[in-house]
Amino acid sequence: MRAKRKRRKSEQEREEQEREAEAEKTEAEKTDPKDSLDESGEDTAGEKISSVSMSTWDTLSIPTVVHQSLETMGFASPTPIQAGCIPAAINEGKDIVGAAETGSGKTLAFGIPLIYRILQHEAALASGSTSVAKADPTEDESGQDGLEGEVKDEGSEQDDEGGMEDDERVGEDPSMMTGMEANEGDNDLIGDDIEDDVDFDDDIDDSDDDVEDDDSDDDDDGEQVDMQRLKTQMKCVDVVDNIADEDWLKAGLPLTSTPAGGLDQEKKLFGLVLTPTRELAVQVKNHLVAAAKMTNIKVAVVVGGMSAEKQKRVLKKRPDIIVGTPGRLWELYQLGEPHLASLPDVKCLIIDEADRMVEKGHYAELSEILDILNTSEQRSSRQTFVFSATLSLIHLGPLRKSLKKAYKQDKKDKLDSVMAKIGIKEDAEVVDLTKREGTASSLLESKIVCAVEEKDIYLFYFLRQYPGRTLVFTNSIDCIRRLASILTLLDCKPLPLHSSMHQKQRLKNLERFTGNPKGLLLATDVAARGLDIPDIEHVIHYQVPRTSESYVHRSGRTARQAKVGLSVTLVSPNEMNFYRRLCKTLNREEIPSFPVEHSYYQAVNERVELARDIDKLEHVSNKKKHQNDWFVRAAKELDVDVDEHLNLHDMGDSSEQKQFNKKLRIMRGTLKALLKRRIFAAGYSQRYLTANGKFQSPFSQATVGSHEAFSKMKARMKKDKADDSKEKDKKRKKFKRMGRYQTKK
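Residues numbered from 1 in each chain as written. Predicted model: local features only at pLDDT ≥ 70, side-chain atom pairs only at ≥ 80, totals over all residues. Heavy atoms only, no water.

Would you mind going over the environment of C348 with me for this structure?
Inspection of the secondary structure puts C348 in strand β7 (residues 348-352). Looking at C348, the relative accessible area reads 0%, which means it is buried. For the pair C348 and D95, spaced 253 residues apart in the sequence, the C-alpha separation amounts to 9.5 Å. Those residues in contact with C348 that sit more than four places away from it in its chain are L114, R117, F270, G271, L272, R382 and Q383. (Helix = DSSP H or I, 4+ residues; strand = E, 2+ residues; numbered from the N terminus. Buried < 20%, exposed > 50% of the residue type's maximum accessible area, 1.4 Å probe, protein only. Contact = heavy atoms within 4.5 Å.)

Spelled out as structure tokens, the structure:
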């Protein structure tokens, strides 16, 4: 018995030592500076991790919380459009009309003043509160968020929807989070109908699980220690009365107190952002959430193609900012959505890509929304922002002499027309940084003149010759469907994007394209405006755009943020009229020709023609089958007999169908064998025009967009071809020598 007791005691001592060692290890991990960083780059121990200088932002009067967000995002300095718009919007409260080239940072140019005004508004409301919670100054000096608690008004406690679990700590209530944590959670929930996965980030450690009674004999002492630890972990705050709003804003503290005059259910819509496309709305929402992540500002996106019921539930959370498209927004407003009832009283209105939005014949719902806003009594106190890359670009109308005067318009007339339609004040700040050329200075433009039936050949030639992330624009959905089928047969793995697709599939294709460095996206003008897809190297205009604005916006998907990009336009003889008008509007004498090595034309043409034949046969067969199936199904529903010989397409008997399927298999096998064979000489097939945001030689040695660049590229191609032929001659001579040696033996 004694031996058993000793053995049991020794086992207990060993287990206790292991628990102590594990507890020490856990404590060490908690205090490890490497593990104390949260997602924003903030050290939870109190030290700010900074790798960039942010001094250039200090002159723009932006809130401290936004300054911190910009630092974590890596934006060291404002872009010219931001430096021109933000001071006038924040310091003077003026309306802003901004025009700058694509990829210049226009979203933050209106996003930062919008966030500032919301913080200012909340500070004014908070001044009526009886008490405001403020963090311990020692914690604030160490780099912690300035606010960890919230005003405690008697009788105003509210439970979250769905309730709380018993084992959750009190600090997980959004009202007890810091502004950053509450904002991240709310904006994740608000974006639930757009993104498939919602991440709920919780940076505050669980407290209940860490409070343990290590010794049953020391209950009183343990309880005191645990209560002290609980207070420390819960970050209890001191309640201070009568904090000045100006001091509150200067400190950059998130405003999470309940405004005097009502609970959250009475909060009105503050900012409205309207965009022409759904994808752009989602992108703008994500940028605003990133800029406001240190605050408690809520942002929601309301677009078509998604469940209206889900978006109604989103609006019940009463977001401060709504980003959306006019159609769905007007639909919900007409249905009497409570949060949109305050639409006429909105304090900030932003219209992105405004020239397209207010163009005659487009977005009829926007006209209805503007009528409501411009007839409101709050119009005088509203701040309006209007942005576009082509706001001051004047495109020519039809060239018929009889209508020349009717379409004659200058830059001032266009701006005045846009400002009048939207309701911008006369003293608005106009920041126009666009050049007469319209496109970015780092964009290399080129063209290939060819017949309509040759466009597929030159497109496939370019995709094989110059791999890289490529965006191909067309003018019609039917063209995208045909190209998608042919390029799929040619193993190019295209991703379509057009307005007839379901919204979730559109977003999924965009995500796939963004994640593939050699991705290929076929799109209509749905993807032309505003989308910021990183590192697009090439933009191909499969068909000449009908307006100069479309050309500028399409080409603007590349050469963003001072990176270099390439634009290639395929011009057929019947499109020369649009091409000449484009050059005249953009002040171009001529767009340089893209150098093509015609010695490879035959090999490329062979593959493309075979793919076309396969696609044509499959398309005709599938169309006949689809029509027959529809006819039979309709007759069955009407209980009518069908005469197959008179009413249905002849698909042939089983033997003929087998012959047809065999023919297709042979053609597909031949195409697959051709695609495995090399088209270009060694050293050609994997040569990039751009790499790491810069053009490879000879483009880096020539002026972008000049004839010199193309002449140097053509000279390089000739030299490489000569080198390849010399290399082949050497190999041929070597094989001949080997043959002679074998003959001697």
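What is the right way to read the pairing of strand β4 (residues 271-274) from this model?
Working note: regular strand, side chains alternate between the two faces of the sheet. On β4, burial covers both faces: G271 and V273 on one face and L272 and L274 on the other are all buried. Examined bridge by bridge, β4 and strand β6 (residues 321-324) share four bridges and lie parallel to one another. When the bridges of β6 are listed, V273 appears paired with V323. Bridge count between β4 and β7: four bridges; the pairing is parallel. Bridge assignment links V273 to a residue of β7, and that residue is I350. (Pairing = 2+ DSSP bridges.)

In this structure, what is going on with the pattern of salt bridges? I would like to understand it.
Charged atoms that come close allow side chains of opposite charge to pair. This model, assessed by the stated rule, comprises 22 salt bridges. Linking K312 and E309 is a salt bridge whose minimum nitrogen-to-oxygen distance equals 3.6 Å. One end of the pair, K312, and the other, E309, are both in helix α10 (residues 308-315), three residues apart, so they sit about a helical turn from each other. Under the relative-accessibility criterion, K312 is labelled partly exposed at 23%. The shortest N-O distance in the salt bridge between E590 and K447 comes to 3.1 Å. Highlighted residues: E590 in the loop between α19 (576-585) and α20 (601-638) and K447 in strand β10 (residues 443-449), separated in sequence by 143 residues. Classification of E590 by relative accessible area gives partly exposed; the value is 40%. The class for K447 is buried, based on a relative accessible area of 6%. (Salt bridge = Lys/Arg side-chain N within 4 Å of Asp/Glu carboxyl O.)

Help me out: how do you make sense of the sheet that holds strand β9 (residues 429-432) in this one?
Each strand in a sheet pairs with another by means of backbone hydrogen bonds, the pair being arranged parallel or else antiparallel. With parallel pairing, the seven strands of this open sheet are ordered in space as β5-β6-β4-β7-β8-β1-β9. At either margin of the open sheet sits one strand with a lone partner, and together these are β5 (299-302) and β9. Within the sheet, the average angular offset between the axes of one strand and its neighbour, ignoring direction, is 10°. Bridging between strand β1 (residues 96-99) and strand β8 (residues 383-388) involves four bridges; their strand directions are parallel. Within β8, the position partnered with A99 by the bridge is S388. Relative to β8, helix α14 (residues 411-422) is tilted by about 135°, and along the sheet it contacts β1, β7, β8 and β9. (Axes fitted to C-alpha atoms, helices over the stretch in contact; angles between N-to-C directions.)

How do you make sense of the nonpolar core when you look at a structure like this?
Soluble, globular proteins show a tendency: their nonpolar side chains are buried together. Residues I112, V273 and I321 are the most contacted members of the largest nonpolar core, which totals 47 residues. Where this core is concerned, the elements lending two or more residues are α2 (64-73), α3 (80-91), α4 (106-126), α9 (278-291), β5, β6, β7 and β8. Here this core gets nine residues from one element, more than from any other, and that element is α4. Setting aside residues up to four positions removed in sequence, I321 forms contacts with L114, I118, L269, G271, V273, L288, I297, K298, V299 and A300. With 44 residues, the next largest nonpolar core counts I457, F460, C479 and L522 among its residues. (Core = buried A, V, L, I, M, F, W, Y, C linked by side-chain atoms within 4.5 Å.)

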